[in-house]
Amino acid sequence: MATPNYDWIVVGGGLTGAAISYELARQGQTVALVEPQDPLQGATRYSYGGIAHWSGTDLSTRQWCDRAQIRYGQLPTELESDIQHRTVDLLLTVEPDADPPSVLAHYQGFTQAPRWLSPSEAVALEPELNGDAIGGALAFAHGHVCPLALVQAYGQGFQRWGGVVHRCRYTGLRRSPRPTPVPAPVTGIDTDRGVIAGQRVVICAGGVGRSLLRHAGFPLPLYYTQAEVIEIQHSSPLVRGVVMPAANDRGRLESHASQPHLDRRWDQPGQELVPPSLDLGAVQFRNGRLLLGQTSRTWSDLQPPIDAAASAQAIRQGMAHLFPNLAGLPGTWHQCLVAFSRDGLPLVGEVDPGLGLYLFTGFSSPFVFVPPMAQVFAAAIATDTWDTSPLAPLHPRRFSPD
């Protein structure tokens, strides 16, 4: 596959890759986006699309949340597309035996404090919810977008700016053959359809990013869960907003699985790092597509031995208690990889100085942080102001002992 020598090669076409490729092209860079799947079948497709602009906990994350609100106000016009951006009610359900003051205290550090709802008040907002299954709920005004509509809009904008999409699979990193005292700079990538030449490569490949980096000789604290959901197509509106549990087991699972003493097991086959979690939630998009889930697992294998039927049944059994009328609807079980880092913040920036290999991955709240961070990333590259950029603290080597 004969290609030009691009300024940038973006590996991965989900939300992170779509946003960063668009923003780089908009800054006048020549950009190739490498993504084998069309339509997308990864984490972006099966995400809830929530924009938790209320979730800042310190000055930095609050500023990014503010930037996100501004960016989402610009994107529909700029991308010339309806990304289905709206504000909905996010209900965080609370177990019947939970202590309400303790639950509320856990959420007091965020930019916005939640409203406490009784079971009947929660059902008034989400009529399909079983009020007898909860002790109450926390409510936030929550941003929301259709993930597929947003990625498609970014892709169309990217191509209007001259970006090129390559439907192929990344197989390796190309490096300069000349001797050098530091890691040899990248010269492009290998794919299953040939070589793509480029001066810089940014990995936006989500859950497979860890194995890509390890095979290239750069082990970094990037991890992944196998997330499992049930996708249902239903013509009637059944879920008005977004429903998730207030006690987030996936967050605890990620924290435990990314401890340094487990890193060696991540690189061994057949390892389940910690027991799976099940967070019962639901969301429905404007086209009727409904997601129920999710189960999260941490296996060292990219394709672990998961019993799809048993997993789907476990999700449905849990949902039968919370949403009795939704649990039995016909749908399809799906599994995808979701990347995360050790400290819950993304890995953004160049892996080693002068290498030309960058990361833009590991976002625990991607729909909040990706759009504004992609814009700032591209602007910092264009103006050579990376060291003073607000992204500098997210450098991939921040976990290094030195």
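In what follows, the structure referred to is the one given above.
Residues numbered from 1 in each chain as written. Predicted model: local features only at pLDDT ≥ 70, side-chain atom pairs only at ≥ 80, totals over all residues. Heavy atoms only, no water.

Peer 1: Now, about the overall build of the protein chain: what can you tell me, with residues and values included?
Peer 2: Regarding its fold elements, the protein chain presents 10 helices and 17 strands. For the protein chain, whose C-alpha radius of gyration is 21 Å, the value lies close to the compact-globule estimate of 21 Å for 402 residues. With the C-alpha coordinates aligned to their principal axes, the bounding extent of the protein chain is approximately 70 × 45 × 40 Å. Looking at the protein chain as a whole, 54% of its 402 residues qualify as buried. A separation threshold of at least 6 residues defines the contact pool for the protein chain, and within that pool the share at least 24 residues apart is 73%. Taken together, the 29 basic and 35 acidic charged side chains of the protein chain have centroids lying 6 Å from each other. (Helix = DSSP H or I, 4+ residues; strand = E, 2+ residues; numbered from the N terminus. Rg over C-alpha atoms; globule rule 2.2 N^0.38 Å. Buried < 20%, exposed > 50% of the residue type's maximum accessible area, 1.4 Å probe, protein only. Contact = heavy atoms within 4.5 Å. Lys, Arg positive; Asp, Glu negative; His and termini not counted. Charge placed at Lys NZ, Arg CZ, Asp CG, Glu CD.)

Peer 1: Describe helix α5 (residues 147-160), listing the residues and the values that go with them.
Peer 2: Compared with an ideal rise of 1.5 Å per residue, which puts 14 residues at 20 Å, α5 spans 20 Å between its outermost C-alpha atoms and is within 8% of the ideal. Pro-147, Ala-149, Leu-150, Val-151, Ala-153, Tyr-154, Gly-157 and Phe-158 are the residues of α5 that are buried. On its buried face, α5 is in contact with α1 (15-26), β2 (31-34), α2 (59-79), β7 (164-166) and α10 (366-383). One or two steps after α5, the chain reaches Gly-162, where phi turns positive at roughly 95°. (Expected span 1.5 Å × (residues − 1).)

Peer 1: Tell me about the pairing of strand β17 (residues 357-361), residues and numbers included.
Peer 2: Put simply, side chains in a regular strand alternate between the two faces of the sheet. For β17, the tally of buried residues reaches five of five residues, placing the bulk of the element in the interior. Neither face of β17 is left uncovered, since the one carrying Leu-357, Leu-359 and Thr-361 and the one carrying Tyr-358 and Phe-360 both have all their residues buried. Pairing between strand β10 (residues 194-203) and β17: three bridges, direction parallel. Bridged to Ile-203 within β17 is Leu-359. (Pairing = 2+ DSSP bridges.)

Peer 1: Before we move on, could you go through the packing of aromatic side chains and cite the residues and values that matter?
Peer 2: Given two aromatic rings, their pairing is described by the distance between the two centres and the angle made by the two planes. This model, assessed by the stated rule, comprises 14 aromatic pairs. Ring centres of Trp-8 and Phe-377 lie 5.9 Å apart, and the angle between their planes is 65°; this geometry places the pair in the edge-to-face category. Residue Trp-8 is found in strand β1 (residues 6-11), and its partner Phe-377 is found in helix α10; the two are separated by 369 residues along the sequence. Per residue, the accessibility class of Trp-8 equals that of Phe-377, and both read buried. Ring plane angle 50° and centroid distance 5.6 Å describe the contact between Tyr-22 and Tyr-154, whose orientation is recorded as tilted. With Tyr-22 in helix α1 and Tyr-154 in helix α5, this residue pair connects regions lying 132 residues apart in the sequence. The class for Tyr-22 is buried, based on a relative accessible area of 1%. For Tyr-154, a relative accessible area of 0% corresponds to the buried category. (Phe/Tyr/Trp six-rings, centres within 6.5 Å; stacked < 30°, edge-to-face > 60°.)

Peer 1: Explain the packing of α1 against α2 residue by residue, including any values.
Peer 2: Running from amino to carboxyl end, α1 crosses α2 at an angle of 70°, the nearest separation of the two axes being 14 Å. Classified by the angle between their axes, α1 and α2 sit roughly perpendicular to one another. For the element pair α1 and α2, the recorded crossing hand is left-handed. Contacts between α1 and α2 involve Tyr-22, Glu-23 and Arg-26 from the former and Arg-71, Glu-78 and Leu-79 from the latter. (Axes fitted to C-alpha atoms, helices over the stretch in contact; angles between N-to-C directions. Parallel < 35°, antiparallel > 145°, perpendicular 65-115°, else oblique. Left-handed = near helix turned anticlockwise from the far one by under 90°.)

Peer 1: Give a description of the nonpolar core that names residues and reports values.
Peer 2: Residues Ile-20, Tyr-72, Leu-150, Tyr-154, Phe-360, Phe-377 and Leu-391 are the most contacted members of the largest nonpolar core, which totals 70 residues. Among the elements that make up this core, the one with the highest residue count is α10 (11 residues). Ignoring sequence-local partners within four residues, the contact set of Tyr-72 consists of Ile-51, Ile-83, His-85, Val-145, Leu-150, Phe-367 and Pro-371. (Core = buried A, V, L, I, M, F, W, Y, C linked by side-chain atoms within 4.5 Å.)

Peer 1: Give me the pattern of salt bridges: which residues, what numbers.
Peer 2: Summed over all chains, the structure comprises 18 salt bridges. Across the pair Arg-214 and Asp-267 runs a salt bridge whose closest N-O atoms are separated by 3.1 Å. Remark: Asp-267 occurs in the loop between α8 (263-266) and β13 (272-284) and Arg-214 occurs in helix α6 (residues 209-215); sequence separation between them is 53 residues. Among the residues examined, Arg-214 registers a relative accessible area of 35% and is labelled partly exposed. In this structure, a network of salt bridges that share partners links the residues Glu-23, Arg-26, Arg-71 and Glu-78. (Salt bridge = Lys/Arg side-chain N within 4 Å of Asp/Glu carboxyl O.)

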